[in-house]
Amino acid sequence: MKKILALGAAALCAFGIAAAPHAAQAKQLTQITFGVDATYPPFESLSPSGKFVGFDVDLGRAICAELKVKCVFVNQSFDGIIPALQARKFDAILSSMTVTPDRAKVVDFSSEMFDEPTSLVAKKGSGLTPTVASLKGKTVGVEAGTIQETYAKTYWQPNGVKVVSYQGQDQVYADLLSGRLDASLQDSVEADYGFLKTPKGADYALAGNATYDPQDVLGSYIAIGVRKDEPALLKKIDWAIAKLHANGQYNKIQAKYFNFSIYNAEAAKQAP
């Protein structure tokens, strides 16, 4: 136990956060309200009782616990989540949002939460791959406002692929199952754990990762988004994220959902 505590203290010092950044500030933070699109299991969704659940949600609660503040979640469709943040309907976006150059122009982002590729899902044996040549004449579903929508409409739609946008990822899967879609495009881990490992996804499989991206629309890592006029809040969130890594809480939460690491530690060290 002493060794674990020593390692945690050393890690905090390495991040330069031996003390919580909010300790000496006059304005005391008492609550963080996170905006989430609760259609994206296992990261964020609603339980049958209406409770917010998922990996992102657990991380949000852990961040609030480290900062000793109340944690509140607000359901918001992903395509309107940045405008809702700007309208101050909540304090931060915690909804598997990837950092992209365009988003970074209007929102500030925390340090990395996790990282995962973008993948195509199609029926087993379909032979489809995430390329124009394979998908020409086919219909692909995406969630509105996501990097996957931008990707499909940037590279595929102008070349004969029909791209259909939906308000929630659950609606994408519903039309995939009904046969209205030939494939769907989303984060790989969400596809695997939120659909393929469920009974509904038994006849479907990952059909490859999207790698062709000369315009960098897929961005980099996934992070928490904060308004640009809230640098103090961003600093507190970053402090809490670092502490979760240092004290082992991040790995504990991750192990609850995945049997592998979705945190790219080396990439996070190189992030600005």
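What you are looking at is a predicted structure, and each value in this text was computed from that prediction instead of being measured. (Residues numbered from 1 in each chain as written. Predicted model: local features only at pLDDT ≥ 70, side-chain atom pairs only at ≥ 80, totals over all residues. Heavy atoms only, no water.)

## Focus on the sheet that holds strand S13 (residues 222–227)
Two strands in a sheet stick together by hydrogen bonds in their backbones, pointing the same way (parallel) or opposite ways (antiparallel).
Logical step 1: An order of S5-S1-S6-S13-S7 is seen for the five strands of this open sheet, with the pairing classed as mixed. Two strands close off the open sheet at either side, each with one partner strand: strand S5 (70–75) and strand S7 (107–109). Going across the sheet, the axis of each strand differs from the next one's by a mean of 35°, ignoring polarity.
Logical step 2: Sheet analysis places strand S1 (residues 31–36) next to strand S6 (residues 92–98), joined by two bridges and oriented parallel. Across the sheet, residue Phe34 finds its bridge partner in S6, namely Ala92.
Logical step 3: Sitting on the sheet, helix H2 (residues 55–67) is in contact with S1, S5, S6 and S13, with an inclination near 150° to S5. (Pairing = 2+ DSSP bridges. Helix = DSSP H or I, 4+ residues; strand = E, 2+ residues; numbered from the N terminus. Axes fitted to C-alpha atoms, helices over the stretch in contact; angles between N-to-C directions. Contact = heavy atoms within 4.5 Å.)

## Topic: the sheet that holds strand S10 (residues 162–166)
Logical step 1: As summarised here, the arrangement of the five strands in space is S10-S9-S11-S8-S12, forming an open sheet in which the pairing is mixed. Of all the strands in the sheet, just S10 and strand S12 (204–209) have a single pairing partner and so form its edges. Taken pair by pair, the neighbouring strands of this sheet meet at an average axis angle of 30°, ignoring direction.
Logical step 2: Pairing analysis gives two bridges linking strand S9 (residues 139–143) to strand S11 (residues 183–187), with the strands arranged parallel. Across the sheet, the residue bridging to Gly141 is Ser184, located in S11.
Logical step 3: Its contacts with the sheet place helix H6 (residues 147–156) against strand S8 (118–123), S9, S10 and S11, and it is angled at close to 130° to S11.

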